[in-house]
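Fold and contact review
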Amino acid sequence: MTLVGLLLAAGAGRRMGRPKALVRDASGEPWLVRGVRALREGGCDTVTVVLGASADEASVLLEGTGATFVLADDWADGMAASLRAGLASLDSGDAEAAVVSLVDLPDVGADVVRRVAGLGGDRSTLARASYDGTPGHPVLIGRDHWQGVLDTSTGDRGARDYLATHRHLLVECGDLATGHDVDR
């Protein structure tokens, strides 16, 4: 089984004042690098990053991480555009499932990814992390669900509508992280 990490990092970060793909933590480490590391150390065989706003600058930060990147030309249309670009880029590969995460989740580390990915990434898997009962990221999407997610993703909703109508497992991770995205 091949499990790929998909890190969505294409947005302009309007509330943040700059693209989140360019944000660094207090130690100076880019969130982009931290997100790639969390996916790799969490059990993903490969990591693909979806870039959009400031893609040239962000792609430089990925050097040496082993991650590849794809561009979401329509990134300004919202998270769904990034998710569609990312899943479409994986379609020709051999991945059975994708672990989808967001660049703006600074406290979601490899332990959370490992717990969600540990469910097994077969083609029919559909699961997502939850934090004290509140659904969040990462989301584990088996290949059998990719087309359905592509067909229903719009705006900033990503896979939310698909998940609302398809049975999936919630994996409690509130003991590991808050799962809060950082917007400011």
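This section reports on the structure supplied with the text. (Residues numbered from 1 in each chain as written. Predicted model: local features only at pLDDT ≥ 70, side-chain atom pairs only at ≥ 80, totals over all residues. Heavy atoms only, no water.)

For the rest of this paragraph, the subject is the pairing of strand E3 (residues 68–71). Judged from the 4 bridges that link them, strand E2 (residues 46–51) and E3 form a sheet pairing that is parallel. Residue threonine 48 lies in a different strand from E3, and its bridge partner there is threonine 68. Between E2 and its parallel partner E3, the chain crosses via helix H2 (residues 55–61), and the hand of that crossover is right-handed. (Pairing = 2+ DSSP bridges. Helix = DSSP H or I, 4+ residues; strand = E, 2+ residues; numbered from the N terminus. Right-handed = clockwise from strand over helix to strand, strands pointing away.)

Let's shift gears to unusual backbone geometry. Cis geometry is adopted by the peptide bond preceding proline 138, which originates at histidine 137 and carries an omega value of 5 degrees. Within the secondary structure layout, proline 138 lies in strand E6 (residues 134–142). Positioned with a positive phi, serine 54 is a non-glycine residue whose angle comes to about 55 degrees. You can see serine 54 is positioned in the loop between E2 and H2. One non-glycine residue, aspartate 132, lies in the positive phi region at around 55 degrees.

In this structure the tally under the stated criterion is 6 salt bridges. Here aspartate 104 makes a salt bridge to lysine 20, at a shortest N to O gap of 2.6 Å. With aspartate 104 in the loop between strand E4 (97–102) and helix H4 (110–117) and lysine 20 in the loop between strand E1 (3–9) and helix H1 (31–41), this pair connects stretches of sequence that are 84 residues apart. One exposure class covers both aspartate 104 and lysine 20, and it is buried. Note that aspartate 91 and arginine 143 form a salt bridge whose closest N and O atoms lie 3.5 Å from each other. In this pair, aspartate 91 sits in the loop between helix H3 (79–90) and E4 while arginine 143 sits in helix H5 (residues 143–152), placing the two residues 52 residues apart along the sequence. (Salt bridge = Lys/Arg side-chain N within 4 Å of Asp/Glu carboxyl O. Buried < 20%, exposed > 50% of the residue type's maximum accessible area, 1.4 Å probe, protein only.)

Counted residue by residue, H1 has 8 buried out of 11 residues, so it is predominantly covered. Considered for burial, the residues of H1 that qualify are Trp31, Leu32, Val33, Arg34, Gly35, Val36, Ala38 and Leu39. Of the surrounding secondary structure, the elements contacted by the buried residues of H1 are E1, E2, H2, E4 and H4. Just beyond H1, the residue with positive phi is glycine 43, at close to 120 degrees. (Contact = heavy atoms within 4.5 Å.)

Moving on: the nonpolar core. For soluble globular proteins, the rule of thumb is that nonpolar side chains tend to be buried together. The biggest cluster of nonpolar side chains holds 59 residues, and the ones touching the most others in it are Leu32, Val49 and Leu51. Filtering out sequence-adjacent residues up to four positions away, leucine 32 remains in contact with Leu7, Ala9, Ala21, Val49, Leu51, Ala58, Leu61, Leu62 and Val103. (Core = buried A, V, L, I, M, F, W, Y, C linked by side-chain atoms within 4.5 Å.)

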